[in-house]
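# Chains, contacts and geometry: an overview
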Amino acid sequence: MRTIRRLYFYAVAFITFEVVLWGLIGLLRSILSTSQISAGGDALAQALALILVGVPIFALHWVWAQRASAADEEEHTSSLRAIFLYGALLATFIPITQNALALIDRSLISLAGMDAYRAIFGGSQTWVDNIIAILMNAIAAAYFVNVLRRDWASLPDTENFADIRRLYRYLWLLYSLLMVIFGAQQIVRFMLYIPSNLLGQISRDLFINGLSLLLIGAPIWYFVWKTCQDALLQKGEHDSLLRLGVLFLLTLGGVATVLSTGGSVADIFLRWALGESMTAPEFVSRIGGAISIALPLGIVWVYYGRWLHHDIDTFSDESRRPGLRRLYYYILSLAGLITAFIGMALLVSFILDVVVGRQLWGADLRLRVSAALAARSGGLPLWLMTWPRMQERALSQGTSGGFARRSVVRKTYLYLVLFASVIGGMISAVTVVFRLLQAALGTQSLDVTGLLDALQLLTLFVIVLVYHFRCLRADGTETARALVERHEKFHALAFERAGSGFGESLRLSTRKQAQGLHLTVLAADAEISKEDAAARAVILPSDVAVNPPENLRKFLAAFEGHIIVTPIEHARILWSAGAKPAEATALTLRQLSEGQEVRQSAGGASAWMVVIYIFAALFGLEMLMMLLSIGISLIVD
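Everything numeric here is computed off the predicted structure, so don't read it as measured data.

## Thoughts on the overall build of the chain
In terms of helices and strands, the chain carries 21 helices and four strands. For the chain, buried positions account for 42% of its 637 residues. In the chain, once contacts between residues fewer than 6 apart in sequence are set aside, the share between residues at least 24 apart is 77%.

## Points about the environment of isoleucine 563
Tracing the backbone shows isoleucine 563 in strand β4 (residues 562–566). Taking the relative accessible area as the measure of exposure, isoleucine 563 reaches 41% and is therefore partly exposed. Counting along the chain gives 24 residues from isoleucine 563 to isoleucine 539, while the straight-line C-alpha distance between them is 6.0 Å. Excluding residues within four positions of it along the chain, isoleucine 563 makes contact with Val538, Leu540 and Leu556.

## Quick notes on the sheet that holds strand β3 (residues 537–541)
Ordered by their spatial adjacency, four strands build an open sheet running β2-β1-β3-β4, and the pairing between neighbours is parallel. Strands with a single pairing partner mark the edges of an open sheet, and in this sheet they are β2 (518–523) and β4. Direction aside, neighbouring strands of the sheet carry axes that sit 20 degrees apart on average. For β3 and β4, the ladder comprises five bridges, and the chain directions are parallel. Residue pairing across strands places isoleucine 539 opposite isoleucine 564, the latter belonging to β4. Across the sheet, helix α16 (residues 502–513) is in contact with β1 (491–496), β2, β3 and β4; its angle to β2 comes to roughly 175 degrees. With respect to the sheet, helix α19 (residues 550–558) is in contact with β1, β3 and β4, its orientation differing from that of β3 by roughly 140 degrees.

## Things to note about the nonpolar core
Ranked by size, the top nonpolar core spans 85 residues in total, and within it Trp62, Leu85, Phe144, Trp172, Tyr304 and Tyr413 carry the most contacts. For this core, the leading source of residues is helix α7 (residues 159–193), giving 15 residues. In contact with tyrosine 413, not counting residues within four places along its chain, are Tyr330, Ser333, Leu334, Leu337, Trp383, Trp387 and His468. Grouped together as the second largest cluster of nonpolar side chains are 12 residues, Phe495, Leu522, Leu540 and Phe559 included.

## Focus on the confidence of the model for the chain
When the pLDDT values of the chain are averaged, the result is 81; 83% of them are 70 or greater. Here helix α2 (residues 34–38) stands out as the element of the chain with the lowest mean pLDDT, 48, in contrast to helix α6 (residues 127–154), whose mean of 93 is the highest. For residues 195–201, every residue scores under 50 in pLDDT, and the model assigns this stretch eight contacts once sequence neighbours within four places are set aside.

## Thoughts on helix α13 (residues 399–406)
Burial in α13 covers these residues: Gly401, Gly402, Ala404 and Arg405. Buried residues of α13, viewed axially, fall in a sector of 165 degrees; they line one side.

## Section: the environment of threonine 412
Mapping threonine 412 onto the fold places it in helix α14 (residues 408–441). Residue threonine 412 is classed as partly exposed on the basis of its relative accessible area, which comes to 46%. Through-space distance from the C-alpha of threonine 412 to that of tyrosine 330 is 9.5 Å; in sequence the pair is 82 residues apart.

About the criteria used
Residues numbered from 1 in each chain as written. Predicted model: local features only at pLDDT ≥ 70, side-chain atom pairs only at ≥ 80, totals over all residues. Heavy atoms only, no water. Helix = DSSP H or I, 4+ residues; strand = E, 2+ residues; numbered from the N terminus. Buried < 20%, exposed > 50% of the residue type's maximum accessible area, 1.4 Å probe, protein only. Contact = heavy atoms within 4.5 Å. Pairing = 2+ DSSP bridges. Axes fitted to C-alpha atoms, helices over the stretch in contact; angles between N-to-C directions. Core = buried A, V, L, I, M, F, W, Y, C linked by side-chain atoms within 4.5 Å. pLDDT = per-residue confidence, 0-100. Arc of directions from axis to C-beta.

In structure tokens, the structure reads:
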């Protein structure tokens, strides 16, 4: 109930804060801007309406939030309060950045003697509009920065605020880096226009727009990235899954972009090499768009790829390092396999059309063979650089090979490829049968070229399916053999109260989960032989663990192996489970004191953190798509 109430107050406070802020901005713009005055009193009426309605609602809810935070430690340290404060900073600093970018871009465009509409940001605004938005958002940001600083100074537990602050920093990192990438893309594009139009109108606005993006984005990126790097000295920052996720996103995004744009460049080059007529300026112009985006994202790939490998190699939990490396290489392997498969399918289709269809060499065939060779030249090397390395590790003997074969990432990769191969093969087979039946029933003459295209696709899918199915079977066979061998060498000792049935239930479960494992079940007060005392693990039901017999107590005091305590139903024994045992125990005590049924939340990340990450991902995706659409439009233009 408290969480729902907290969510209500902070959500309303945030919405009404935005309403009041932009109402004030609209009011000042309508007073000071001649363009707004000439438009009539609608803008003034709208701004006043937003302010008059929003101010009392915001004041009511924000005052409650502040009082609750001052009076209650849980309210003061809650994730929702951190989300609100850092969200308010995002909602003020991003408009400041965008308006500063629009002001600089439009000013540089005007100094160059071009029309303001050539500015990609704020072409329809005035400098008064931008300055008002910057000043009002800056005032609001300064207020919330002070609130946040006071909260940090008095927080008894900083974990929730630290999580949200980390998310806030990496959102800024992505936002500023995208500005830098597209700024660099515009400038490189300008440079590649030089052979055909040194100081043309199109070239100049490309350069100015790119320069504006760099002037704003580069300092922000440098400051934010330095802050993220300096924060690595703090507890929990280096091993943050959010940091690893961002590094994975930037590295793999750079790989995918370089792979696709490299294919485009290779396609144009092959078309020129195969005889397509194009002048040198035309050739440069055609590859300019691809190179202009590949160059900055290639730098992103190299730079953040190096940091990704560094963070994986220095991850504090050594057992998770191989899994993180596998994730990276299997994603690259899948991308290479898909690209190489498409290239091979296009190449075989081209050969069939030339041999069977007897098509003469021309522009259409040139386009097809260049596209096929370009896809293969990008995908096949990538697959050969990644898949054999993963296969070698999976086939190796010992513990590392076993972990590699049983890893979720490898299983996901293999089953995903098998799924795609089965579905693709099924579609190709249906096409083959359909064409044959058409010819047999006389509804249409046999299309030999179309039939052969479907057959070659079916053949390629079958080859991929058979190869990866054999890899999966080999994994299963070797894994089963190695696991049975390890199970047979492991001896476990379990104790039970007479008549409880715990031992028999444990035996049945062990046969299902760990076939061949040596399990001995003894009564809690039984004598323990030397052979049983050499066990590597002891299992105790909870009723035995809380009150062991004297002989068992002495044995456990000298035992050096693992002790597994298994909860069983008992009227008086309640378990405090969760990521924070002390908090889970306090929750149990509260539920007992209030006469409630005792319930424990599962361990791991809190539900609110999952919600936070989902909304952050959606926000980041929306911002990414917005900037990508701008970049694509710039490339197309």
